[in-house]
Structure formats: C-alpha cells, structure tokens
Amino acid sequence: MQVPARFEYEKATSVPHALALLERYGPDARVVAGGHSLIPMMKLRLAQPEALIDINDLRELAHLRVEGGELAVGALVRHAELLASPLVAEHFAILIDAERVIADPVVRNRGTVGGSLCQADPSEDLAAAFAALKADAVVTGPGGSRTVPLRGFHQGPYETVVEPGELLAELRVPVRHGAGSAYEKVERRVGDWPVAAAGALILIEDGLITEAGIGLTAVSAPGFTAPEAEDYLIGREPVDAVFAEAGRRAAAVCNPHADQRGPADYKRHLAGELTRRALRKAARRAAED
Amino acid sequence: MTTSTPMGFGRMHRKEDARFIRGRGQYVDDVQLPGMLHGAILRSPHAHARILSVDTSAAEALPGVKAVITGETLAGLGLAWMPTLSKDVQAVLATDKVRFQGQEVAFVVAEDRYIARDALELIEVDYEPLPSVIDARTALAEAAPVIRDDLDGKKDNHIFDWEAGDRAHTEAIFERAEVRVSQDMLYPRVHPAPLETCGALADFDKVTGKLTVWCPTQAPHAHRTLYAMVAGLPEHKIRVISPDIGGGFGGKVGIYPGYVCAIVGSIVTGKPVKWMEDRSENLMSTAFARDYHMTGEIAATQDGRVQAIRVKVLADHGAFNGTAQPTKFPAGFFHVFSGSYDIETAHCEVTGVYSNKAPGGVAYACSFRITEAVYLVERLMDVLAYELGMDPAELRMKNLLRADQFPYTSPTGWEYDSGDYPRTLALAMEMAGYDKLRAEQAERRANGDRRLMGIGLSFFTEAVGAGPRKHMDILGLGMADGAELRVHPTGKAVLRVSCQSQGQGHETTFAQIVAEELGISPDDVDVVHGDTDQTPFGLGTYGSRSTPVSGAAAAMVTRKVRDRAKLVASAMLEVAPDDLEWTKGRWSVKGDPKHGATIQEIALASHGAVELPEGVEGHLDATCVYNPPNLTYPFGAYICVVDVDPDTGQVDVRRFIAVDDCGVRINPMIVEGQIHGGLADGIGMALMQLMAFDEDGNHLGASFMDYLLPTAVECPSWELGETVTPSPHHPIGAKGVGESATVGSPAAVVNAVLDALKPYGIRHADMPLTPSNVWRAIQGRPIRTDLAIT
Ligand SMILES: Cc1cc2nc3c(=O)[nH]c(=O)nc-3n(C[C@H](O)[C@H](O)[C@H](O)COP(=O)(O)OP(=O)(O)OC[C@H]3O[C@@H](n4cnc5c(N)ncnc54)[C@H](O)[C@@H]3O)c2cc1C
C-alpha cells in the first residue's frame, strides 16, 4: 500500500479562512480540492506538503452560472457537474466533449475544474478546452482578486501564476451566440490522459469565419494554443482545405516529446489531424445552431 | 438465466458471490492480529549496480521502527538467497549487487505502515551503477556485462538451450517446400496485474514453534513444503493459509522475497508481521509474463497445405530464472506450437537469457507458455495466407486436424485427447456471418472508405491440467492433487481440496461436482480450500489445473463415498450390494425401486446403530489423490472484427465471436465468465499492455497510468458459442477453461488489425497495437515495442 508522509490537515470554512490558513502554514501548505492529482502524488511521495488546506466546503467556489454574458465556473465545480450541466451543453459543446473523455466517472465525481488547471499537467484536457474558449482565470489572494487570461495562466509544466497564499476562484468564458465548438482527443484507452488532443471554437458570419479559437494539449503548444493558426482562419470559408491548413499550422507550433504514448512526430501529426477534426465539427455545430 | 440450484451440473449463481458483493471477503490485508507489525521493502532504483554499503542506523533510530533487515542480516541466517522454481537462486535481499530496478534491498518492520514507509527514506545505500542488459537481443553479446557473477564461473548471460521436435526432418521438408515464409515477432513482456497485490502476514509463535503464513498463494501446499525445505522449519509446524485471493493468473504461484522477509521479521520481532506490496511494487517485481522474441517459419505447398513449422526463440527470463512451470520444461509447454493443424513435422529451439529485469516469464493465464505458442502459429498462418493470397479461414479449414485423427500425437510428442476442430471453426464462422463480413470489407475497400475494416481469426489448442506426475513435477513435487469428502450424519457434505481459487468459483463448481455424483444439492456441500492444516496435499491452481485435476479428484472421491454408501445401504436394506442400483441421490433394489435409501438416510445410518457390513468401519468419508493420465486439450475458434482509423491509429473492436470447446461444462455461467475475462485480457495484450524499459533499465510500465488494463469500453459485447467434445480420460469429461480465452484471443485481435492494414502492404506488426504503433506501422517504420519510444 502506498502511504503519504506526515502532514497537517485543516478544513477551511470560507475563502478568507482558506487564505488565512495558507498564510499561517506558508509555502509548504497546499490546497486540496478533489484530491485526485494531489493525493496520488503524496502517496508516491512526489509531493510532501506539510499541511493540506481542504477547500471542499467552500460553496462560494462551486457556482456554475451565466452572468453578464459570461459563463462563470467556480474552481470547485466538479468534472461531473460540468458534464451534466444543461447550461454548459447549450453554449459550450467543447466542454462536454472534453469532460466525457477526462478520466473516469469516479475521478470526475470528485475532481474539480480548479484542481485540474492548478495541477498544470502538460497533458491536461481542460487547459486546452478553456484555451480554445479564450477564458479568463480569476485568482484571489490576501490583496484581493486579479484576472489572468487562461492562455497566460500556465507558466510551464506543473506551474501556474497562482502564488503561494493565493487561490484560483473561478473561470470566466464569454458566451458567443452562434458559435460552435468541439474537442477531439486520442487516448490509448478510455480514461487515459491524452496522447494528444485539440479543441476548437468557431464563429461564422455570412459564410466566413469571424472568430476562431484553438486549444492543444499534450503536445507542448505554448499557452496550450496556436494563435497563428487562429489568425489564418479569420475571414476564410469554413471548408475542409482551410481546416487542414489550420491543422498544419497548429501542428507547427507544437514541440511534443516522445514517451510511451507515442513518438514526437506522431503527436505532432495528431495535433494537426485533431485540430482539423475539431474545427470541422465545431463549424458543423455552428451551422446547426 | 435460472437462479434455482441444479442438483449437479448447470447454471447457478456463485456461492461465493454473496460475500464478495457484500464486502465480506477476507483477503490477506483484511486479516488483523493482535500486536501485528508492518513491513516495507526498500527497492533498488538501479537496473544493475554494485552495493558498496547499506547504512540502516537512521532508520533504526526512528521511533516505532522495530527491525531493519538487510541482505547481510539474512546471510547470517543462510537466507539471503532462495531457490527458484526453475532450479536457479534468487536474492531475497541483495547482498552483492542489485540486478533489476525494483529489486529488494532492505526490509523495515515498524508499528504501522506509515512509519515503515518513512523509515525506508532513512536507509542509505551506496550504489556503484554498472552497465546493464536491457535489450535481450544483446544479452549474449561478447561485451555484455555479466549479470549473474554470483554463480560459480558464470561468464555470460546464457541460461539454457532447449529444443523439441525433429530438426532433421523439419529441415528436409523446408528445403524442398514450395512456399517458405518467415516472420520475426515479439510477444512482449506483460504482467497479470491482479487487483489484489501480493503480500504476506507471518506469525511465528515462539511457544509452540508454529509458523502461520497468510498469503495469497495459488499453491499453498507447495509453499509449505518449500518453506520447510529452504528454512529448515519442520513441515508440520508450518501452516499456510491462502484466504480469498483477488486474482492470481499465475503471478501468485512462486514465493516472493517479501514473503520470506515477513517470516524472518516475525521470527526476529516475535510479533506477527504483515507486508503488503503496493501497485508499483507488484508491477515492477513480481512475475511478469512472456517476453519471447520469436522467429517463426512455416513451409507449405502452393495450394496451402502446411507441411512443417519451426521457430527460434530468445527468451528473456530477467535477472533470476524464476519461471513457474514443471521443472523439466524450461520453455514450459511452448512446444505445443504446431497448434491445431495437421503438420507433418515441427522443431523449436529456445534460448533463455538473463537480463536486468524482474524475474518471471510464466504467468498471466498462459498455460505454461501456450499463449506464446498459439500466438506464433496463428500469426504464422495469417502471414502464410497473406503470402499465398488465400483467405485465412480457408487456409485454417484446410489444415485443421480432423475428428477422426484423435487421439492425435503431435510432431513434438503431445497426445491430444479429443476434438472436432472443423465443426468448431464452422460454428464460429456461421455465428460471425463470415462471408457477409468479407463482402462488407470488400465493398468498403472498393468504395475507398477511410475507416479500415479487419477480420481476424485464431484457432487454439490448449494443453492443461498437468501432470501426469511421472512427467511433470515442480522441484520434485509431482503434479497431482488430493481431495477429501466428509458426509455428516444429516447428509450434508464438506469437500476439502488442495487447489485454491483466485476467483474461478471453485466453491460453486466443486460443490456441483459432488452434487452431480452424490445426488444432493450443491447448497449442501461446503468446499474448503486454501489452508494447509485443513486440506489434503496437492499442487494447486494454475495452468487451468483445477477442474482437470482437482475436479477429477472431487468426482473420484465422491464416487468412493457413493460406493461406501452402497455397502451401508445393502446392510440397511438387507440385500447384497450387487442387487442395488444407483439413481441420483439414492441406492435402491434392482427391480424394486420403492425399496431403497437416500444418501441422507444412508449417511445417518453410517453414523448410527445399523450393523455395518464388512469393510465399513463407519462414516462414508473418503480421500483420494488424482494423478491425471494425460493433459486435457480444450480448444476453440475465435473471430474478431475491428475498425481502424488510419489517421489516428485507433482500433475499435466491433465484434468478437468465441466458440470454446472445454468438454463438459459444469456451470456454464462460470465458464462464460472465465471466457469473458480472458477475452478482455486478449484485448489488453493485443492493443495496450506492455512493459518496456528505457536504456537505463527504468521500468516504463510501473503504474496503472502506464500499464493499461482494458475496460468495458474497449470490449464489445462478447458473442459466445460452444461445442462439447468430452475428454475421454477425465472422470466427468471436463477440460478446464480458465486460460483458454487469454491464450486464444490475442492472435485474433492482432490478426484482425493486420487484416485491416493489408491495403498498406503490412504483413506484421508487434503487440501492443496502440494508436501510435498502428500509425507507425502505416508509416512503414520498424518498431521495437520492448524498448522506450524515442
Ligand atoms: C485515474 C485518473 C485519470 C485522469 N485522467 C485525466 C484525463 O484524461 N485528462 C485530464 O485532463 N485529467 C485527468 N486526470 C486528472 C484529473 O482531472 C485531476 O486529477 C483532477 O481533476 C484534479 O482536480 P482535483 O480537484 O482532484 O485537484 P487536487 O488533486 O485536489 O489538486 C491538484 C492541485 O491543484 C491545487 N489546487 C486545487 N484547487 C485549487 C484552487 N482552487 N486554487 C489553487 N490551487 C488549487 C492543489 O493544491 C494541487 O496542487 C486524471 C486523474 C486520475 C486520478
């Protein structure tokens, strides 16, 4: 049996309480949300925090609603809640696509959106999905809140802009009427992390693409996105040849590493292929809307 | 499905399921003893390194630590090395060198698991890393580092050369054959990954001198005898209890270093010591399976008559030769590789080598390496069909053994007991709608459909239920099994058997055997197993032995009871025994069926005041030992249909048709469950499972993140069929089925994927056919699946 090293445990009752506890225990304290990334790392002793601050009771971080033309997703929203939300299904098919292939029902029941993004695994699915949607992250600290574009949220593998003593509070995603979105992932087996995955957002007006978002994960795309491929799409017709070219351009910004999921060139190939497929599906959905 | 209890064979729910479903199973880790301490093992981070020093002082100083045991401690007791099941030795705790990543180096005993684990981090080991042998194909190179310098005079990494069949005859046929095809293939290193990891709870009682070991072993009696022989403890003072087991698959046959450590820990501390391995430890250090690098060749006529088959194998056995198989068979039963076909001659050569990887090789429901044999011949048949431009089903039909050839002696000396292979293949093809599938495939290809469709077949013959003891033993212990049947005065019975279930449902099946033979309800029969103090000696459950051997013992011992009951009945009814006849559950007078006694009445009488006849002292109880006259040969025909996305490499198993013939089916539901599990195994091996190593010997599959088990999502709804060809020499005609589907299915899946890839001119690609490997095959790139992807 794998057992973690010794640690203190505190249950926060409010956001200010959580922030106070983080301050009290200092940089060796960690927030625990669903625990599905942190606890395995502790059991393997890859992480040995001195204290865990449990934020699972913070209902104020568990909201999921549309306000001011934006979808607000609290950091404590569970994968399963996002997946089951009619509101999300109505506006953001990409999130439903992505959640369907993240882990398994057991992990999705506990794992949170905030925990996923803060874990900052380079293969994390929601990073790509929210990058495609050009979401903003709201970070709360002792000095108040700040808003960071999701594309600038990750600083590298397992690193984010969230400082010790801070919390990720929520994500905000603009609702774009008439937009279509989709997520495509290749995994070795259901519930596995992606070999590669791509998400796409597309808005079409008068037969031309007016807005595009591309998210990529597990392929070392800077900021989990491919801005040059997005720019290329603007003003063009939503046709296969255009999507294929966007896919090629998206693949070009990736710098994947070989591992047991596949060699680098295969992953780069997938980045292009899956971008193409996600764009095509997003465009089809936009047309159906 | 009926849920009523049959008075013998038939579908019934498993008696053991009530406790498993309600969480009342009792696994080793559930056993709690007063004062129990906990062990943890420090393992080597290196694949190959010299141990310069081990400093345990800081660990010993940690409050709560009771003992730290090292190789040196064990050397003092003569226990630093232990014999393996293949007549090699294996380090219990390393003294001189570590030889694979994950090898056992030190053992901590502490008050709880947390302290034990904390203490591991305080042990300081100074290693001098050495060059290692990771790629088995370099193991015999001149420059290869010598792994086993502990063995006297050992100057290379060679373990054995072994051959079977007729070399000269085979060579002659190959020389003049019209068609010769050769194919390299790797059956990669995989792991059975039982959900319950290994572990042991050892309790040495200093007062009575009795050692009790709870351990999930598939062979409790063999363990007891080996502990006695190795540690010098008197055998009657050793009790091995194998409680509920959460999956074994051959990975729980041998004795692991951790078991010995727990025993020594208990002897040293005077307290019970429990050690349970974690998932990574299980995957890194316990018996892996396969790792056969094979070059197969097949000789045939232009019109597809197979004449000869031969194969050269490089077998990677890891750092210690610890394969668990009948000792006289270093390559297990691999030489049954002529398979299900009427082939004139065959020859195989197997070379075993050491490498800097964990020991093992025989596990994962392989029937002592018949998995490798079936994969080889079934892949070769497809390669031949590819070269001849022939339909693989037609090629198989043309070469299958015919019913009138049984009993059939194979070119490597096996005597297949019974079979009607063409009937079974024909049924599978009919269930699949084979011609329609081929038509659909042709149409899709003609239409340029981007999604590729593939149809794969495999026909397997298994050889299970070892002995006979004359030919098959494990370290001198003959492969036979005992059974003991007690019938209580009220006619309820207790069957004690030497085999041990790891999930196969013995408590139900064996009760049904007794029920069938004695005419009582299976609900009235309790099956006791897994405790050496309570069961007769026997070699245990692996190689699909339980039904062929212990099941036969159960039938034979029940017949003995029935015969005794006849004598008692003759006294009760005051007629000569010869005047009695048996109808299920009752002896009655011939020609006067009303005049008789039920088995319950007879049981009571046998304990009662009736004047018992000569030869019956009282009771109906009996014991027996069953020494099988031959193996049994279950077989089957499998057809798999896949769709492949060539742009991502993803494979989707659309259908799987499995027709199994395991002779008489005792409980068809349990048989089907065994087949379902084995088919899922096949999908796992064919499509996702693999233990590769990087050039430094780091294990790249040491967790369930990296070593993938298939789920229901990857499995289609299985389509099962059956034919029944009873075994002529087994008391109830049953053949054993525990491993059939694991043995037979990987080739069907691989053949299906390669059939889909045929338009790309691809003839072969090694398992596992993960998306990236399929994509690389399409790119025409050579792949070594056993090495790290770079
Ligand atoms: C078997 C398995 C399969 C998986 N498969 C996938 C997959 O296919 N794709 C995928 O994308 N993910 C996958 N995951 C990851 C899963 O999505 C994450 O484990 C999980 O959602 C993380 O959320 P959590 O709430 O459990 O985070 P936790 O484990 O609680 O926390 C993770 C990290 O985030 C920090 N943290 C959490 N919340 C906050 C907050 N509000 N503010 C600041 N810091 C915070 C913690 O301190 C910790 O460092 C898988 C996980 C498992 C166990």
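Below: a short report on this structure. (Residues numbered from 1 in each chain as written. Chains lettered and ligands numbered in written order. Predicted model: local features only at pLDDT ≥ 70, side-chain atom pairs only at ≥ 80, totals over all residues. Heavy atoms only, no water.)

## Let's talk about the overall build of chain A
Quick note on the threshold: Strands here are runs of E lasting at least two residues and helices are runs of H or I lasting at least four, both read from the DSSP assignment and numbered beginning at the N terminus. For the radius of gyration, the atoms used are the C-alpha atoms, and the globule rule reads 2.2 Å times the number of residues raised to 0.38. Residue exposure (1.4 Å probe, protein chains only): buried if accessible area is under 20% of the type maximum, exposed if over 50%, otherwise partly exposed. Here, two residues are considered to be in contact whenever any of their heavy atoms come within 4.5 Å of each other. None of His or the chain ends enter the tally, which takes Lys and Arg as positive and Asp and Glu as negative. Here the site of a charge means atom NZ of a Lys, CZ of an Arg, CG of an Asp or CD of a Glu.
Within chain A, the regular secondary structure consists of eleven helices and 13 strands. By the compact-globule yardstick of 19 Å for 289 residues, chain A fits well, its C-alpha radius of gyration being 19 Å. Across the 289 residues of chain A, 56% fall into the buried class. Across chain A, the fraction of contacts at a sequence separation of at least 24, relative to all contacts at a separation of at least 6, is 62%. Side chains of chain A give 32 positive and 40 negative charges; the mean places of these two sets differ by 5 Å.

## Topic: helix H14 (residues 546–573) of chain B
Worth spelling out the cut-off: Here the expected length of a helix is defined as 1.5 Å per residue gap, with one fewer gap than residues.
When the terminal C-alpha atoms of H14 of chain B are compared, their 38 Å separation across 28 residues agrees well with the 40 Å that a helix rising 1.5 Å per residue should span. Within two residues after H14 of chain B, Glu 574 of chain B carries a phi angle of roughly 55 degrees, on the positive side.

## Focus: the side chain of Asp 125 of chain A
All names here are of chain A. Put simply, the rule reads: Pairs of N or O atoms are called polar contacts if they sit within 3.5 Å, as long as, within protein, a hydrogen donor faces a hydrogen acceptor (for residues adjacent in sequence, only side-chain-to-side-chain pairs).
As for its position among the elements, Asp 125 is in helix H8 (residues 125–132). Within polar-contact distance, the side chain of Asp 125 engages the side chain of Lys 185 at 2.8 Å. Excluding its chain neighbours within four sequence positions, the residues that come into contact with Asp 125 are Val 101, Ile 102, Tyr 183, Lys 185, Pro 194, Ala 197 and Thr 217.

## Things to note about unusual backbone geometry
All names here are of chain B. Look at the link from Ala 466 to Gly 467: it is a cis peptide, with omega at 15 degrees. Within the secondary structure layout, Gly 467 lies in the loop between strand E21 (452–461) and strand E22 (473–474). Here Met 767 and Pro 768 are connected by a cis peptide whose omega angle stands at -5 degrees. Relative to the helices and strands, Pro 768 resides in the loop between helix H17 (740–756) and helix H18 (771–778). Positioned with a positive phi, Glu 574 is a non-glycine residue whose angle comes to about 55 degrees. Counting through the fold element by element, Glu 574 comes out in the loop between H14 and strand E27 (580–583). In this structure Glu 574 comes out as exposed when scored by relative accessible area, which is 72%.

## Things to note about the pattern of salt bridges
Residue and element names in this part refer to chain B. Our working definition: Between Lys or Arg on one side and Asp or Glu on the other, a salt bridge is scored when a side-chain nitrogen of the former is within 4 Å of a carboxyl oxygen of the latter.
Within this structure, the stated rule accounts for 86 salt bridges over all chains. Between Asp 316 and Arg 189 there is a salt bridge, and its shortest N-O distance comes to 3.5 Å. With Asp 316 in strand E16 (residues 306–316) and Arg 189 in strand E10 (residues 179–190), this residue pair connects regions lying 127 residues apart in the sequence. As far as burial versus exposure is concerned, Asp 316 and Arg 189 are alike and both buried. A salt bridge links Asp 643 to Arg 444; its shortest N-O distance comes to 3.3 Å. Here the residue Asp 643 occupies a position in strand E31 (residues 635–645), and Arg 444 occupies one in helix H12 (residues 434–446), the gap between them amounting to 199 residues.

## Comments concerning the site of the ligand
Residues and elements named next belong to chain A. Just so we agree on the cut-off: Here a residue is near a molecule or strand as soon as one of its heavy atoms is found within 4 Å of it. Using the Shrake-Rupley algorithm and a 1.4 Å probe, accessible areas are obtained, with residue cover drawn only from the displayed protein chains. Put simply, Ala, Val, Leu, Ile, Met, Phe, Trp, Tyr, Cys and Pro go in the nonpolar bin, Asp, Glu, Lys and Arg in the charged bin, and everything else, Gly too, in the polar bin.
As a matter of local geometry, the ligand sits amid 30 residues, with Val 31, Gly 34, Ser 37, His 79 and Thr 112 nearest to it. At 3.0 Å, a side-chain N or O of Arg 30 approaches an oxygen atom of the ligand. The backbone of Gly 35 places a nitrogen or oxygen atom 2.7 Å from an oxygen atom of the ligand. For the ligand, whose accessible area on its own is 960 Å², the fraction buried by protein is 91%. When residues of the shell around the ligand are traced back to their parent elements, those giving at least two are strand E2 (29–32), helix H7 (113–119) and strand E10 (167–174). Among the elements that take part in the shell around the ligand, H7 stands out by supplying four residues, more than any other. Within the shell around the ligand, the residues separate by chemical class into 14 nonpolar, eleven polar and five charged.

## Structural notes on the interface of chain B and chain A
Going by this rule: Buried surface area refers to the total accessible area, computed with a probe of radius 1.4 Å, that the two partners give up upon joining, counted for both partners together.
Taken together, the contacts link 34 residues of chain B with 29 residues of chain A. The junction of chain B with chain A conceals about 2,600 Å² of combined surface from both sides, 55% of it contributed by carbon and sulfur atoms. Considering only the surface of chain B that becomes buried against chain A, Leu 708, Trp 775 and Ile 789 of chain B emerge as the three largest contributors, covering 19% of it. Counting across the chain B and chain A interface gives five salt bridges. Along the lines of polarity and charge, the residues of the side of chain B that touches chain A split into 16 nonpolar, six polar and twelve charged.

## Points about empty space enclosed by the protein
Here is the rule we go by: Both cavities and pockets are sets of points on a 1 Å grid over the protein atoms alone; in a cavity a 1.4 Å probe fits but cannot get out, in a pocket the set is open with protein on both sides within 12 Å along at least five of seven lines, and lining residues sit with an atom within 4 Å of a point. Grid points are joined across faces, edges and corners, and a volume is the space filled by probe spheres set on the points.
According to the stated counting rule, one finds two cavities of 30 Å³ or more in the structure shown. Considered as a void within the structure, the largest cavity measures approximately 150 Å³ in volume. In terms of lining, the largest cavity is formed by 15 residues, of which the most central are Arg 188 and Gln 260 of chain A together with Leu 690, Pro 768 and Thr 770 of chain B. Class assignment of the residues belonging to the lining of the largest cavity gives a composition of six nonpolar, five polar and four charged. Looking at the second largest cavity, its volume works out to about 60 Å³. Lining the second largest cavity are Leu 85, Ala 219, Ala 222, His 223, Leu 226, Val 253, Ile 474, Leu 539 and Tyr 542 of chain B. Of the residues belonging to the lining of the second largest cavity, the class tally is eight nonpolar, one polar and no charged.

## Structural notes on the sheet that holds strand E13 (residues 208–217) of chain A
Residues and elements named next belong to chain A. Selection rule: Here the rule is simple: two strands pair whenever DSSP picks up at least two bridges between them. Angles run from 0 to 180 degrees between N-to-C directions of axes, and those axes are lines fitted to C-alpha atoms, restricted for helices to the stretch in contact.
In space, the three strands of this open sheet follow the order E11-E12-E13, with antiparallel pairing throughout. Looking at the sheet topology across the chains shown, the edges are occupied by strand E11 (180–187) and E13. With direction set aside, neighbouring strand axes in the sheet form an average angle of 15 degrees. Two elements, E11 and strand E12 (residues 194–205), share eight bridges in a ladder whose sense is antiparallel. Bridge assignment links Glu 184 to a residue of E12, and that residue is Ala 198. Where helix H5 (residues 93–100) meets the sheet, it contacts E11 and E12, and its direction lies at approximately 15 degrees from that of E11.

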